[in-house]
Amino acid sequence: SMYAFPRIDIPQKAQEIAKHQNMAPDTFYCLALLEKTGISVVPGSGFHQRPGTYHFRATILPPVEQMKQLVDKFRTFHLSFLKEWE
């Protein structure tokens, strides 16, 4: 397996909603990703990320031929998330 720790931008509006729900913004993002795509990742806040930055940890296991589909699914979610919370 391979781990990735991508940095993500989380709009201020989503950060405020997350804090209102007593969760870290990256946890809010990861839960939305799981609910909307079935992709499970771990919030970066559990790994002592620098304050003001957001990440998640992904364990990348799919066969090479499925990677493009996974990346496309993630990209579609991320762009939709940004638009929803702008």
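What counts and how
Residues numbered from 1 in each chain as written. Predicted model: local features only at pLDDT ≥ 70, side-chain atom pairs only at ≥ 80, totals over all residues. Heavy atoms only, no water. UniProt positions renumbered as here; feature names shortened; annotations may be inferred. Core = buried A, V, L, I, M, F, W, Y, C linked by side-chain atoms within 4.5 Å. Buried < 20%, exposed > 50% of the residue type's maximum accessible area, 1.4 Å probe, protein only. Helix = DSSP H or I, 4+ residues; strand = E, 2+ residues; numbered from the N terminus. Contact = heavy atoms within 4.5 Å. Phe/Tyr/Trp six-rings, centres within 6.5 Å; stacked < 30°, edge-to-face > 60°.

As recorded by an unreviewed UniProt entry, the protein chain carries the name Alanine aminotransferase and is attributed to Didymodactylos carnosus. Per its UniProt entry, the protein chain bears the Cofactor (unreviewed entry) comment "pyridoxal 5'-phosphate". Taken verbatim from the UniProt record of the protein chain, the Subunit (unreviewed entry) comment is "Homodimer."

Caption draft 1: Fine view of the nonpolar core. Counting 17 residues, the largest nonpolar core has I10, Y29, V41, F56 and F81 as the members making the most contacts within it. Broken down by secondary-structure element, the contributors of at least two residues to this core are helix 1 (12-20), helix 2 (25-37), strand 4 (54-60) and helix 3 (64-85). Looking at this core, the element that brings in the most residues is helix 2, giving five residues. Once residues within four sequence positions are removed from consideration, V41 is found in contact with C30, L33, F56, R57 and A58.

Caption draft 2: Spatial organisation of unusual backbone geometry. Phi at N22 takes a positive value of approximately 60°, unusual for a residue other than glycine. Within the element layout of this structure, N22 appears in the loop between helix 1 and helix 2. Of note, the phi angle at H48 is positive, near 60°, even though the residue is not glycine. The topology assignment puts H48 in the loop between strand 3 (42-43) and strand 4. On the accessibility criterion, H48 (75% relative accessible area) is exposed.

Caption draft 3: Molecular detail of the packing of aromatic side chains. Under the criterion given, the structure shown has nine aromatic pairs. On the numbers, 5.4 Å between centres and 75° between planes, the contact of F28 with W85 is edge-to-face. With F28 in helix 2 and W85 in helix 3, this pair connects stretches of sequence that are 57 residues apart. The same class applies to F28 as to W85, namely buried. An angle of 70° between the planes, with centres 5.4 Å apart, marks the rings of Y29 and F77 as edge-to-face. Within this pair, whereas Y29 is found in helix 2, its partner F77 is found in helix 3, the two being separated by 48 residues in sequence. Summarising the burial analysis for this pair, Y29 and F77 share the class buried. Through successive ring pairs, a cluster of aromatic residues spans F28, Y29, F56, F74, F77, F81 and W85.

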